[in-house]
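# A structural walkthrough
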Amino acid sequence: MGAPHCLVCNVPVFAHGHLLSSKNLGASKSVLCNPAPRKPQCDILRGGFEGGHAVKRMEGEVRSVRTETESGGSVAVKEEGFSVKVLKGSPLPFGTTARDGGVNFAVHSSRATSVTICLFTLSDLHKGKVTKQIPLDPLLNKTGDVWHTFLAGKFDGMLYGYQVDGEYCPEEGHRYDASCILLDPYAKAVISREEYGVLGPGGNFWPQMAGMVPVPDDEGLYVQGHIQDINQNQFDWQGDLPLKLPQKDLFIYEMHVRGFTKHGSSNVNHPGTYLGLVEKLKHLKELGVNAIELMPCQEFNELESYSYNSVMGDYKMNFWGYSTINFFSPMIRYAASGVKNCGRDAIKEFKMLVREAHKHGIEGEFYNYSGCGNTFNCNHPIVRRFIVDCLRYWVIEMHIDGFRFDLASIMTRACSLWNGENVFGNDIEGDFLTTGTPLNEPPLIDMISNDPVLRGVKLIAEAWDTGGLYQVGNFPHWGIWSEWNGQYRDITRQFIKGTDGLTGAFAQCLCGSPHLYQEGGRKPWHSVNFVCAHDGFSLADLVSYNQKHNLANGEENNDGEDHNNSWNCGEEGELVGLPVQRLRHRQMRNFIVCLMVSQGVPMLTMGDEYGHTKGGNNNTYCHDNNVNYFRWDKKDTSQAAFFKFCSLMAKFRSECESLGLEDFPTAERLQWHGHQPEMPDWSESSRFVAFTMVDSKKRELYVAFNTSHLPVIITLPERPGFKWEPYVDTSKVPPYDFLADDLPNRATVMKQYDQFLNAGIYPMLSYSSIILVLSVDGNS
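Residues numbered from 1 in each chain as written. Predicted model: local features only at pLDDT ≥ 70, side-chain atom pairs only at ≥ 80, totals over all residues. Heavy atoms only, no water.

### Regarding the overall build of the chain
Within the chain one finds 17 helices and 39 strands. Considering the chain as a whole, with its 780 residues, one finds that 62% of them fall into the buried category. For the chain, the proportion of contacts with a sequence separation of at least 24, taken over those separated by at least 6, is 72%. Total accessible area on the chain stands at roughly 29300 Å², and carbon and sulfur atoms take up 50% of it. (Helix = DSSP H or I, 4+ residues; strand = E, 2+ residues; numbered from the N terminus. Buried < 20%, exposed > 50% of the residue type's maximum accessible area, 1.4 Å probe, protein only. Contact = heavy atoms within 4.5 Å. Areas by Shrake-Rupley, 256 points an atom, 1.4 Å probe, with all protein chains shown as cover.)

Here it is as structure tokens:
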């Protein structure tokens, strides 16, 4: 049975490491470049859908046009109030390109028998009407597999889509259907519903969508790898330039645009939008963040999973934003301006977010270019070009500083064309490469890594996919790719909760995971260290729940990960006794200390800085409510102490030269200890790890973790002429958990440690961590 193909690029659909059979796509006659099997959708060209089914041709609503053949092979389309000349046009670049006098249209489809451009006004789109149809002549308007035309005329306020016809033969993988009006994958803005979460006319949650037709006064049009300055109305970047922060110095904050300010306590003028995020950049600066990793905010349909949730009494949403509809377009419903000016104002709002973040010294990494709901046949030549063009657009036009690729291992798999019969005319004996086989030198990764534009930005891979390919430490990297370090997450979770036999593995994590990255020529900063991310328990829930509690998702607790390496500290849930509460707060501080003293790049997830809880739900993909909203009221009140601790730890890390090294630490500056100096205990039963690190700014640091249920008295390394000064002790109650320089009565507090430090010892409670700093002994 043949693989299903995208109508435009003729790319076999590839999902979760396996080719989809036609039965996976259901009975709908629409098509598409991958989608989740449960609903037809297309990430290369997108049709209008209603209730998960293809919208039929809008018969009786299409306005007719009259054509007259002119000399030179052109066609004049004339109607009262509208006149356009159809010329041959150019097959490159793909998408729509405004030129003097009109717009060039170019779209790829290797199997289409006919292509028709559908033009809309915004009002007609909302009425379900096509304003104009312009069929393309396959003799005049086709070069190779690219259909193209230049439409001479004025297109202010116009939108467009395509009707594409061809063979409908599911058993061969072909699902052409001219009754669908599809999106151009290169459209720079996508218009459909204006308000987030609100159904379209007639209760339609898949109303017809259309792309913005560019006009010559659109700013900075991206054409063949460069920006054309033919515009009259440029966005004012105010001299913005890439920050180019060294990757070793980053502190990444994973966040959700809508969830960050949607709660009423945010008190912003435009909650849940790009502009709302701009209003709260001060919070990120205060936390010490210098890079934000935005969850998917390219155009998607939040109503994709729309259904009543009887458990919560509301409706399920595609809140996280996977199943991207268009990779070039920012999410329109994250913009305060909505569909105003055919999406141009939404683009400007996104640019304002980037510009203002840069003013605060914060880089922006963009999210989701493969993975969940959008598993591309990535190494197909047309798809490779599409991905690289898209990434360049966000860098050049939007000033994005980098990208995080969701389930990135899919980008290393062989494409549908990768077989001997296709390349050489016959099978090659001993050739085991088939569609989906992992490649050592995948063409797409090669293209991105060596692209003159993209090589200079941050590239972060989630180095696994849902087909079982796990590449943490082995992702093809060309010396520039970083990885979400899933092993760091798993090992630190287990060690901090007191699991035996992990002291050696935990020490590797503290050093930047050299066992994963050193042999391949990478550095500590190629490891993005995290304890929690958006998918899974929040930090507060990690220390509050042994089991997932996902009933609120309406799936009878069958969804979400079962193995979380969590520990509730003695009682399940939020309503617990004071001793358990104190232990939980201590454990949260332990995780923050671990993140901030580890070599590599620390990443914190939105809300963890104040202890956001999701009630034990580790798969909150469908909740557009307080489960996922940042609670500013809690951050500013009950959890203010933990936020301050996180901020102080981030500041401390930035002040220490030794906690963000260019290369892996060696014995010249790093020394391991146990309960006694220079006597580390790597045994199976050990739950204690300590080290000293020479630091050019702080002289030397002493860091220790005691994850045993028993307290311990440790002996400190002797440093004649110097003394150890306590800075951090997670067993202390705030504000004495971090002895900041501006702490009231700090000198008095410090004297309470003298009896221990003068004896060269320090008492550590169970499940605690400490940081001591070497200072000159004035009494020596």
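### Regarding the packing of helix 9 (residues 486-496) against helix 13 (residues 578-597)
Viewed as axis vectors pointing N to C, helix 9 and helix 13 meet at an angle of 135°, and their least axial separation amounts to 11 Å. By the criterion of interaxial angle, the relationship of helix 9 to helix 13 is oblique. The two elements helix 9 and helix 13 meet at a crossing, and its hand is right-handed. Within the contact between the two elements, helix 9 uses Tyr488, Thr492, Arg493 and Ile496 and helix 13 uses Gln587, Asn590, Phe591, Cys594 and Leu595. When grouped by side-chain class, the residues that make up the contact of helix 9 with helix 13 number five nonpolar, three polar and one charged. (Axes fitted to C-alpha atoms, helices over the stretch in contact; angles between N-to-C directions. Parallel < 35°, antiparallel > 145°, perpendicular 65-115°, else oblique. Left-handed = near helix turned anticlockwise from the far one by under 90°. Nonpolar A, V, L, I, M, F, W, Y, C, P; charged D, E, K, R; others polar.)

### Here we look at the confidence of the model for the chain
When pLDDT is averaged along the chain, the result is 86, and 83% of the positions lie at 70 or above. Per-residue pLDDT stays below 50 along residues 1-72; that stretch engages in 228 contacts with residues further than four places along the chain or on separate chains. Below pLDDT 50 for its whole length, residues 219-232 participates in 42 contacts with residues either more than four positions away or in separate chains. (pLDDT = per-residue confidence, 0-100.)

### Quick word on the sheet that holds strand 18 (residues 210-212)
Pairing is antiparallel across the open sheet formed by five strands, whose spatial order is 11-10-14-18-17. Edge positions in the sheet fall to strand 11 (132-135) and strand 17 (190-191), since each has one partner strand and no second. Pairing analysis gives two bridges linking strand 14 (residues 158-165) to strand 18, with the strands arranged antiparallel. For Tyr160, the partnering residue across the bridge sits in strand 18 and is Gly211. (Pairing = 2+ DSSP bridges.)

### Looking at helix 13
For helix 13, which comprises 20 residues, the first-to-last C-alpha distance of 29 Å matches the rise-based estimate of 28 Å (1.5 Å per residue) to within 8%. Among the 20 residues of helix 13, 15 are classified as buried, and the element is accordingly described as predominantly covered. (Expected span 1.5 Å × (residues − 1).)

### Focus: the packing of aromatic side chains
Considering all chains together, one arrives at 42 aromatic pairs under this definition. Each ring, one from Phe328 and one from Phe386, has its centre 5.9 Å from the other, and the planes form 65°; the classification is edge-to-face. Of the two residues, Phe328 sits in strand 26 (residues 324-330) while Phe386 sits in helix 6 (residues 381-396), which places them 58 residues apart along the sequence. Each member of the pair, Phe328 as well as Phe386, carries the same accessibility label: buried. The rings of Phe94, Tyr186, Tyr196, Tyr274, Phe300, Phe327, Phe328, Tyr334, Phe350, Phe386, Tyr393 and Trp394 are connected pair by pair, giving a single aromatic cluster. Lying across the ring of Phe94, Arg385 places its NZ or CZ 4.9 Å from the centre. (Phe/Tyr/Trp six-rings, centres within 6.5 Å; stacked < 30°, edge-to-face > 60°. Lys NZ or Arg CZ within 6 Å of the ring centre and 35° of its normal.)

### A short note on the pattern of salt bridges
Tallied over the entire structure, the rule returns 28 salt bridges. Residues Arg413 and Asp465 are paired through a salt bridge, measuring 2.8 Å at the closest nitrogen-oxygen approach. Residue Arg413 is found in the loop between strand 28 (402-405) and helix 7 (420-424), and its partner Asp465 is found in the loop between strand 29 (458-461) and strand 30 (481-484); the two are separated by 52 residues along the sequence. The pair formed by Arg413 and Asp465 is uniform in burial state, with each residue classed as buried. Lys523 serves as the salt-bridge partner of Asp663, at 3.2 Å between the closest nitrogen and oxygen. Of the two residues, Asp663 sits in the loop between helix 15 (640-655) and strand 33 (670-673) while Lys523 sits in the loop between helix 11 (514-517) and strand 31 (527-529), which places them 140 residues apart along the sequence. On the basis of relative accessible area, Asp663 is assigned to the partly exposed category, the value being 36%. Lys523 gets classed as partly exposed once you look at its relative accessible area, which sits at 25%. Three or more residues joined by partner-sharing salt bridges are found here, namely Arg193, Glu299, Glu302 and Arg333. (Salt bridge = Lys/Arg side-chain N within 4 Å of Asp/Glu carboxyl O.)

### Some thoughts on empty space enclosed by the protein
This model, assessed by the stated rule, comprises eight cavities of 30 Å³ or more. Put simply, the largest cavity is a space of about 180 Å³. What lines the largest cavity is a set of 21 residues, and nearest its centre among them are His534, Thr605, Met606, Lys614 and Asn628. Partitioning the lining of the largest cavity into residue classes produces 11 nonpolar, seven polar and three charged. (1 Å grid on protein atoms, 1.4 Å probe; cavity = no way out; pocket = protein on both sides within 12 Å on 5 of 7 lines; lining within 4 Å. Points joined across faces, edges and corners; volume = space filled by probe spheres on them.)

### Focus: the packing of helix 9 against helix 10 (residues 503-510)
Following both chains from N to C, one finds helix 9 and helix 10 inclined at 130°, their axes separated by 9 Å at the closest point. By the angle between their directions, the pair helix 9 and helix 10 is classed as oblique. Between helix 9 and helix 10 the crossing geometry is left-handed. Residues Tyr488, Ile491, Thr492, Phe495 and Ile496 of helix 9 form the contact with helix 10, whose own contacting residues are Thr503, Ala505, Phe506 and Cys509. Taken together, the residues of the contact of helix 9 with helix 10 sort by class into seven nonpolar, two polar and no charged.

### A few points about the environment of Pro91
Looking at the secondary structure, you find Pro91 in the loop between strand 7 (82-87) and strand 8 (95-99). Separated by 53 residues in the primary sequence, Pro91 and Gly144 place their C-alpha atoms 8.7 Å from one another. In this structure, Pro91 is in contact with Ala106, Thr143, Val146 and His148, ignoring residues within four places of it in sequence.

### Focus on the pairing of strand 26
Regular strands place side chains that alternate from one sheet face to the opposite one. Burial within strand 26 is extensive, with seven of its seven residues counted as buried. Both strand 23 (residues 298-300) and strand 26 contribute to a ladder of three bridges, which runs antiparallel. Pairing of Glu299 across the sheet is with Asn326, part of strand 26.

### Digging into the sheet that holds strand 35 (residues 699-706)
Taking strand neighbours across the sheet as the criterion, the five strands line up as 33-34-35-39-37 in an open arrangement whose pairing is antiparallel. Only two strands of the sheet have a single partner each, and these edge strands are strand 33 and strand 37 (722-729). Averaged over all pairs of adjacent strands, the angle between strand axes in this sheet comes to 20°, irrespective of strand direction. Judged from the eight bridges that link them, strand 34 (residues 688-695) and strand 35 form a sheet pairing that is antiparallel. Paired with Asp695 across the bridge in strand 35 is Arg699.

### Some thoughts on unusual backbone geometry
The omega torsion across Leu92 and Pro93 is -5°, close enough to zero to call that bond cis. Within the secondary structure, Pro93 is located in the loop between strand 7 and strand 8. If you check the backbone angles, Gln238 has positive phi at about 55° while not being a glycine. By the element assignment, Gln238 lies in the loop between strand 20 (226-228) and strand 21 (252-255). Within the chain, Asn267 stands out as a residue other than glycine whose phi angle is a positive 55°. Here Asn267 is to be found in the loop between helix 2 (257-261) and helix 3 (274-279).

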